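# Summary of structural features
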Amino acid sequence: MSLGYAEKLSYIEDVGEVGMKEHFDPPRVLHQKIERLGMMLRKSKHLVVFTGAGISTSCGIPDFRGPKGIWTLQRDGKALPQASLPFHRAMPGMTHMALVELEKAGILKFVISQNVDGLHLRSGIPREKLSELHGNSFMETCPSCGAEYLRDFEVETVGLKETSRNCSAAKCGAKLRDTVLDWEDALPSREMTLAEEHCTKADIVLCLGTSLQITPACNLPLKCLQGGGKIIIVNLQKTPKDKKASLVIHGFVDKVVSGVMNLLNLQIPPFVRIDYLHIVISKALSSDDRHTNWTLRVASSHGPKARLPFIKSVEVSFPDDEKYKAAVLDEQPFQLKRRTERTRAFEIGLKINFMEGCGCSSTNINIPFDSKVSTDSSNHDSGSIIQRLKDKAIEDSCCGQNAVIEKKDASVPRSEVTVYAIVTNIVNYVKASKTLELEPFINGTVKRRKRSSNITRSSQKRSHISS
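The structure presented is a predicted model; accordingly, all values stated were derived computationally and were not measured.

## Let's talk about the sheet that holds strand β4 (residues 139-141)
- Strand order across the open sheet formed by 4 strands is β5-β4-β7-β6, with antiparallel pairing between neighbours. Looking at which strands have only one partner, the edges of the open sheet turn out to be β5 (148-150) and β6 (162-166). Averaged over all pairs of adjacent strands, the angle between their axes in this sheet comes to 35°, without regard to strand direction.
- Pairing between β4 and strand β7 (residues 175-178): 2 bridges, direction antiparallel. In the sheet register, T141 faces β7, and the bridge partner there is R177.

## A closer look at helix α2 (residues 27-43)
- In this model α2 runs 25 Å from its N-terminal to its C-terminal C-alpha over 17 residues, within 8% of the 24 Å that 1.5 Å per residue would give.
- Every buried residue of α2 is accounted for by L30, H31, K33, I34, E35, L37, G38, M40 and L41.

## Quick word on the environment of K305
- Structurally, the position occupied by K305 is in the loop between β12 (291-300) and β13 (311-317).
- Taking the relative accessible area as the measure of exposure, K305 reaches 83% and is therefore exposed.
- K305 sits 28 residues away from P333 along the chain, and the two C-alpha atoms are 8.5 Å apart.

## A word on the pattern of salt bridges
- As enumerated under the stated definition, the model contains 13 salt bridges in all.
- Note that E140 and R165 form a salt bridge whose closest N and O atoms lie 2.8 Å from each other. Here E140, found in strand β4, pairs with R165, found in strand β6; they are 25 residues apart in sequence, far enough to count as distant.
- Residue E140 is classed as buried on the basis of its relative accessible area of 0%.
- Across the salt bridge formed by D370 and K283, the nearest N and O atoms sit 3.8 Å from each other.

Rules and cut-offs
- Residues numbered from 1 in each chain as written.
- Predicted model: local features only at pLDDT ≥ 70, side-chain atom pairs only at ≥ 80, totals over all residues.
- Heavy atoms only, no water.
- Pairing = 2+ DSSP bridges.
- Helix = DSSP H or I, 4+ residues; strand = E, 2+ residues; numbered from the N terminus.
- Axes fitted to C-alpha atoms, helices over the stretch in contact; angles between N-to-C directions.
- Expected span 1.5 Å × (residues − 1).
- Buried < 20%, exposed > 50% of the residue type's maximum accessible area, 1.4 Å probe, protein only.
- Salt bridge = Lys/Arg side-chain N within 4 Å of Asp/Glu carboxyl O.

In structure tokens:
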């Protein structure tokens, strides 16, 4: 998963300390520290969270410096871990979704991440409340107009290079670039400026799953100290900033955060992933005006040349009373060409078979078909439709739901384009959070509590050694 990212980086000899020993607070001490952290967050007026690779290990993404980290294994000449699922199908973990709930509750004001996995943005943290200091493997940006494009596939380059796609903003069309930094690239000024501003305002900077070795990023939490703020570190390894922290917790991040959410009486929300595709039907009359020649394409929402990374195959079927032959499209681009009688109207059935990493095997879409090319372009209330899809997925505890969010037409060739939103994954963290649930110690005893059953400095460069 992050293996591809690590392999794309330029080679450097010294990546800092690796193979760092893990430390675990004794259970009683861990309980007490979590209770203290919960009380501190309850009183916080400007909480900033600073995250590293340790919050994504439970998502199947290996870290870099831990005992089984990528750089640790490389140093020891050992085989790198095998990805449990494709990088582009990685889903936010319990901690990611807890941060979403903390933001909605008004407790969390800003997130600063050193990760390139894009899981904070995918989880639902608002873009304006997030600084991705080292970039996002799934994001492209336009250097001309500043437009950003979050992809459902991993962008092929790192180092702020041009990609194969262009900006689709009106009157722009500039070549897009990846957003992931290589070792010698300067941190993006926008991300760095916002991070500095919020760390300076913060009364608490909570560092989760980071060894705090990568400069200049690792020095950002220190800025809160100037205004009387506090640093809290949750990490399995010791860090160079531990002596500056008011509280250091050695424990699994998910376990600590789950305990804090319990103390704050906040529920960790489920994660529902929505993916998008275009159904494109092009039609043209035959030379004798008796037939319609048509082409059906199942296409990416990210451009005509982009692949659909979450779709394995498409099965096309027709009603029993029609004499049209069914087909299986198992190679991209998914495309079917047919000729039918001009006067015929019927329904095309599509079974969309998903790739590994999706939460269900397939979804079904039925498409009404007639010989005319519709010129009806309509923008549905996509936000409301997507929210209803998510609510339905949570209610049903399954995925595969789909809905139309936009219809438009294209002139060359004359085509009808229908945009579908599809629920491809749902993860509910309630059972997991109860398994990790920590009851607060009060006067040396465990107090039981009831729970609801409901569910820039632009010249700064990225360096590997911290002083």
